[in-house]
Every structure is written in C-alpha cells, then in structure tokens.
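# Report on the structure
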Amino acid sequence: ASGTYNSMYTAYKKSIDSLSFKASHDELTGVYNRAGYDLIRHSVDLNTTAFLLIDADKFKRVNDDYGLETGDAVLRKIANTLLVNFRSDDYICRIGGDEFMVLMVHISKDVRHLIENKVIQINRELANADDGLPPVTVSVGVALCRDTDNPQELFHDADVALYYVKEHGRNGCCFYEPEM
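Residues numbered from 1 in each chain as written. Predicted model: local features only at pLDDT ≥ 70, side-chain atom pairs only at ≥ 80, totals over all residues. Heavy atoms only, no water.

## Focus: unusual backbone geometry
Working note: non-glycine residues mostly have negative phi, and peptide bonds are mostly trans. The phi torsion at K58 lies on the positive side, around 50°, for a residue other than glycine. Following the sequence through the fold, K58 ends up in the loop between β1 (50–56) and α4 (59–66). Notably, R170 is not glycine yet its phi reads approximately 60°, a positive angle. When you line up the elements, R170 lands in the loop between α7 (151–167) and β5 (172–175). (Helix = DSSP H or I, 4+ residues; strand = E, 2+ residues; numbered from the N terminus.)

Next comes the structure, spelled out in structure tokens:
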C-alpha cells in the first residue's frame, strides 16, 4: 500500500507544483488559497490528518472600526502566527475572508492537548497589540483523523465544531463529537 500511496503522493505533489505559486497561494497572506486547499485536501492521508477550521472572531468589527488596510494587516498577522505555530509539514490555507484551514498531517489521535495549547498560544500572540494592530482572537473547530476518503466529511465536522465554539464564547477550540 505504501508504494501506491507514494506514487499517489508524487502525482499530487506534481499537480500542486504545476498549479503555479500564484494560482495556489493567497496574494495577501502568502499561505495556500482555496484552490491550493482543494488540491491538498485530496492528497493527505485522512486517517492521520487533523482539519482545523479557524475563524477570526468579530473580524467585521476590525474592518469597520479600523479600515480595510488594518483588516488586511490583521489577516497577515493571523497567517504568520499560524505559520510560526505549526510545523513546516502542516498546510496553512486561507479559504475565505477571515477563514483559515490548517491541515496537520502525520499525526495520531492523541494530539488534543497539543492542539489546545497551540490555540491558546496563537490567541495570546494575536491579542498582543504591541505591534500597533488591534487585538483579535480566533475560534477553532477541529476534526481529528477519520477513516474516510472524503475530505468533505472532515471539513463538515470541523465546521460543526467551529460553530460550537462561536456559540459558546469564541476565543478557543473545540473538537468535533458526533453528538453535536
């Protein structure tokens, strides 16, 4: 099976590489964009990948109060904070306005504690206004490794978990449970 996986991976790697940098990356933040995410999500082993759907809390207020330029700077700060706090193997994607997705690859199911600590650290860094930017926090919905070949299922689970965080005070993370 590893032979098949490797040849599949190589094929995907080639298709990601052939999608030019510009086509697969977000111009504003430099992380993968929606097109990049769509390719990557089909190239990862869903059994060993966590999907983290990340949403900036009350981001509209940042744009309304400080203007779009500051809003853009905050989005860049979020992207950079994610890049610094995750491994270089992990995929950081901006999939919508203030919505990001992190695909943590090659992990086991016992990463809850690690992820919780990362989210706390990320929110600590984003709330620090020493750089002159307005403080923000993020809400994170997490779907851990599933025995499926449909990445849409993990996206959906992460989305349900994200909604749960949003409904329960934001600024934190929640792991998908079937009973949600």
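## Some words on the pairing of strand β3 (residues 99–104)
Among the six residues in β3, five count as buried, and that is most of the element. Connecting the antiparallel pair strand β2 (residues 91–94) and β3 is a turn made up of four residues. (Buried < 20%, exposed > 50% of the residue type's maximum accessible area, 1.4 Å probe, protein only. Pairing = 2+ DSSP bridges.)

## A look at the packing of helix α5 (residues 68–85) against helix α6 (residues 112–127)
At a minimum axis separation of 10 Å, α5 and α6 run at an interaxial angle of 140°. Regarding the angle of α5 to α6, the classification is oblique. For the pair α5 and α6, the crossing hand works out as right-handed. Contacts between α5 and α6 involve K77, I78, T81, L82 and N85 on the former and, on the latter, K118, Q121, I122, E125 and L126. When its residues are assigned to classes, the contact of α5 with α6 shows four nonpolar, three polar and three charged. (Axes fitted to C-alpha atoms, helices over the stretch in contact; angles between N-to-C directions. Parallel < 35°, antiparallel > 145°, perpendicular 65-115°, else oblique. Left-handed = near helix turned anticlockwise from the far one by under 90°. Contact = heavy atoms within 4.5 Å. Nonpolar A, V, L, I, M, F, W, Y, C, P; charged D, E, K, R; others polar.)

## Things to note about the sheet that holds β1
One open sheet accounts for five strands, arranged β2-β3-β1-β4-β5; its pairing is mixed. Every other strand in the sheet has two partners, leaving β2 and β5 as the edge strands with one partner each. Recorded for the sheet is a direction-independent mean angle of 20° between the axes of neighbouring strands. When β2 meets β3, the two strands line up antiparallel, connected through four bridges. Each bridged residue has a counterpart across the sheet, and for R94 the counterpart in β3 is F100.

## Some thoughts on the environment of H106
Within the secondary structure layout, H106 lies in the loop between β3 and α6. According to the relative accessible area criterion, H106 is exposed, its value standing at 54%.

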